[in-house]
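A look at the structure
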Amino acid sequence: MTLPTVVALAFMVGALAALAGRAEIKLSPRHPLLTRSFAAFVIFSICVLVPISVYFYVFHGDWFLLYLIDVREIPSAIALVAFVLEVLVGVLGFALGATLLRTQREGLVGAAAAIALALAVLIPVLLRDRLSHVGSYAQWNGGFGLVDFTAGPIFLGTILMSVAFLAASGFLVGRLWVGERR
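The rules we used
Residues numbered from 1 in each chain as written. Predicted model: local features only at pLDDT ≥ 70, side-chain atom pairs only at ≥ 80, totals over all residues. Heavy atoms only, no water. Core = buried A, V, L, I, M, F, W, Y, C linked by side-chain atoms within 4.5 Å. Buried < 20%, exposed > 50% of the residue type's maximum accessible area, 1.4 Å probe, protein only. Helix = DSSP H or I, 4+ residues; strand = E, 2+ residues; numbered from the N terminus. Contact = heavy atoms within 4.5 Å. Salt bridge = Lys/Arg side-chain N within 4 Å of Asp/Glu carboxyl O. Phe/Tyr/Trp six-rings, centres within 6.5 Å; stacked < 30°, edge-to-face > 60°. Axes fitted to C-alpha atoms, helices over the stretch in contact; angles between N-to-C directions. Left-handed = near helix turned anticlockwise from the far one by under 90°. Parallel < 35°, antiparallel > 145°, perpendicular 65-115°, else oblique. Nonpolar A, V, L, I, M, F, W, Y, C, P; charged D, E, K, R; others polar.

Here's the deal with the nonpolar core
Ranked by internal contacts, the top residues of the largest apolar core, which has 53 residues, are F41, F44, F56, Y57, W63 and F165. Secondary structure elements with two or more residues in this core: α1 (3-20), α3 (36-64), α4 (76-102), α5 (106-126) and α8 (153-180). Excluding anything up to four places from it in sequence, Y57 contacts F64, L65, V71, I74, A79 and F83.

Put into structure tokens, the structure is as follows:
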């Protein structure tokens, strides 16, 4: 998972969390960001989404950033701000979803989540040449010492993190949807 993919997935899960908690959002006089659905989404973001991003940033940082920036050049405070911004993109997805739900436009929430998912899938497809080789920023720019994506530990890490993300986001959305029916 690259940074743009994780950001798109954060937006998608935010919108889906709002959609799954739509009864609470529609009926409650409270602001949507003060609902239990939102709290559950924030906990998901902090406990699942950010750790996945941190894993890729720490262990495969140059690949995670698409070889656009040398990870060694980024101060840790800037990286921390980037992880907070990632959560805020998810909050934006939730807030947009809640706003659309309160104006009776449930279909648009699903469409926004579908567009974010399509973008998350499209990014690796369009950048497959860049992402099919793993190495450092210097190796990428110099064209030496790159390892095939499937031959290194990043392949197993990507599978593990993808499964963890899918399971956790499925549980979040499912739990919010079931909780809404009570």
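Description of the pattern of salt bridges
Following the criterion strictly, the structure yields five salt bridges and no others. R30 is the partner of E24 in a salt bridge, and the nearest nitrogen-oxygen pair spans 3.5 Å. By relative accessible area, which is 40% here, R30 ends up partly exposed. The partner of E24 in a salt bridge is R36, and the shortest N-O contact between them spans 3.8 Å. With E24 in helix α2 (residues 22-27) and R36 in helix α3, this residue pair connects regions lying twelve residues apart in the sequence. According to the relative accessible area criterion, E24 is buried, its value standing at 16%. Among the charged side chains, a salt-bridge network with shared partners connects R22, K26 and E106.

Some details on unusual backbone geometry
At L66, a residue that is not glycine, the phi angle is positive and equals roughly 60°. Among the residues examined, L66 registers a relative accessible area of 8% and is labelled buried. Within the chain, Y67 stands out as a residue other than glycine whose phi angle is a positive 60°. Counting through the fold element by element, Y67 comes out in the loop between α3 and α4. Residue classification places Y67 among the buried residues on the basis of a relative accessible area of 3%.

Focus on the packing of aromatic side chains
In total, this model carries twelve aromatic pairs according to the counting rule given. Ring centres of F56 and W63 lie 6.1 Å apart, and the angle between their planes is 35°; on these two criteria the pair is classed as tilted. For W63, a relative accessible area of 4% puts it in the buried group. Through a chain of ring-to-ring contacts, three or more aromatic side chains come together here, namely Y55, F56, F59, W63, F64, F149 and F155.

Thoughts on the packing of α1 against α4
Viewed as axis vectors pointing N to C, α1 and α4 meet at an angle of 30°, and their least axial separation amounts to 7 Å. As for the relative orientation of α1 and α4, their crossing is right-handed in sense. Side by side, α1 and α4 meet where L3, V6, V7, A10, F11, G14, A15, A17, A18 and L19 of the first sit next to E86, V89, G90, L92, G93, F94, L96, G97, A98 and L101 of the second.

Some words on the environment of V6
Residue placement: V6 occurs in helix α1. Overall, the relative accessible area of 2% leaves V6 in the buried class. Note: C-alpha distance between V6 and I52 (46 residues apart in sequence) is 8.6 Å. Ignoring sequence-local partners within four residues, the contact set of V6 consists of M1, L49, S53, F64 and E86.

Quick look at the packing of α1 against α3
Running from amino to carboxyl end, α1 crosses α3 at an angle of 170°, the nearest separation of the two axes being 10 Å. When the interaxial angle is binned, α1 and α3 end up roughly antiparallel. Facing L3, P4, V6, A10, V13, G14 and A17 of α1, the residues of α3 in contact are S37, F41, F44, L49, S53 and F64. Looking at the contact of α1 with α3, its residues break down into ten nonpolar, three polar and no charged.

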